[in-house]
Amino acid sequence: WQWPLNGAGDTTVSNPAPPSVQQNVTAPLAPPALDEGAKLEEDPEKAAAEDEGEGDEDKTTTIPLSAWSVAPGGRLGFTTSWSGTPIEGSFGKWTPTIRFSPDALDKSSIRVVIDLTSAGTGDSQRDEALQGAEFFNTATNPRAVFEAKSVTAAGKDRYKANGTLSLNGRSRPVALDFTLKIKGDDATVSGSTRLDRTSFAVGTGEWASTDQIAGPVGIRFSLSARRQN
C-alpha cells in the first residue's frame, strides 16, 4: 500500500519593506512554496480508494487449466436403505481424471471410472449379491463411468458438474455438486449426488420393487489432489 505524502515544503517570508515604504500599506504575502515532488494533503478516503484500485491487478491471479493428480486415501461411498434400515458402502477402486480451472469452467472436465467389483458394505453375503446379475451385473459390466465435459459455478468454492453416468449398460444424466478449495498447487474436494437405482436396472426380479430396497441412492465422495505442471 502507498499512502499520500502529507505536509508542505519550507515557507519563506520576505523581509519587511524598507523604511521608505509607507507603513499603512500592507502587501499580501505569497503562498508558501512547495518543494518539488511534495503533495498537498488529500482526502484520506479518496486516497485509500485510489490506492486500493491500483492494487487490484496484483491481487488477481488466474489459475490455469491443468490436470490434477488425485492422492491415495480418497473415498467414494453410497447409501441406501433395506426395509428402512440404512445401508452404507463404498468402492475401494475408482480412478478420477480431472482437468480443472475455476477461470476456465467451460473447458474443465471430470471423468471417473469405478470398479464395481470393489463395492463393499461390510456384509460378505450382501457384497456377493451386489456382483450378481440382479444388481451390478459385473460379469457383463464391471465398470461404471461418470463423465462431465463442463462445470458451472454455484457459489463461493461451489460447483456443479452436469454429466452422464454409464452403469449396467445404461446411460443417464447425473448432476454432481461439489466444493473445491485450491491453495497453491493443492486442492481438496468433497461432493455428492443422488440417483435412482431403478433407472440403471440395479435391482431386478424380486428386487425391482422399492418396497424393501429404496430406489434413491446417495453418493458422496472426498479427495485431495495436486496440480500437474
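Residues numbered from 1 in each chain as written. Predicted model: local features only at pLDDT ≥ 70, side-chain atom pairs only at ≥ 80, totals over all residues. Heavy atoms only, no water.

(A) Fine view of the environment of Leu-130. Its location among the elements puts Leu-130 in helix α3 (residues 124-131). The exposure class assigned to Leu-130 is buried, which follows from its relative accessible area of 13%. The residues touching Leu-130, leaving out its near neighbours within four places in the chain, are Ala-119, Thr-121, Phe-135, Phe-136 and Asn-137. (Helix = DSSP H or I, 4+ residues; strand = E, 2+ residues; numbered from the N terminus. Buried < 20%, exposed > 50% of the residue type's maximum accessible area, 1.4 Å probe, protein only. Contact = heavy atoms within 4.5 Å.)

(B) Layout of unusual backbone geometry. At Asn-137, a residue that is not glycine, the phi angle is positive and equals roughly 55 degrees. The residue Asn-137 is located in the loop between α3 and β7 (143-148) in this model. At Ala-201, a position not held by glycine, the phi torsion is positive, near 55 degrees. With respect to the element layout, Ala-201 can be found in the loop between β11 (186-196) and β12 (216-228). According to the relative accessible area criterion, Ala-201 is buried, its value standing at 15%.

(C) Inspection of the pattern of salt bridges at higher detail. Here the structure, examined in full by the defined rule, presents four salt bridges. For Arg-227, the salt bridge is made with Asp-185, and the minimal N-O distance between the two is 2.9 Å. Of this pair, Arg-227 sits in strand β12 while Asp-185 is found in the loop between β10 (170-183) and β11, placing the two residues 42 residues apart along the sequence. Here Asp-185 falls in the partly exposed class, since its relative accessible area comes to 27%. With its nearest N and O atoms 2.6 Å apart, the salt bridge here joins Asp-186 to Arg-226. Taken together, the residues Asp-186 in strand β11 and Arg-226 in strand β12 connect sequence positions 40 residues apart. (Salt bridge = Lys/Arg side-chain N within 4 Å of Asp/Glu carboxyl O.)

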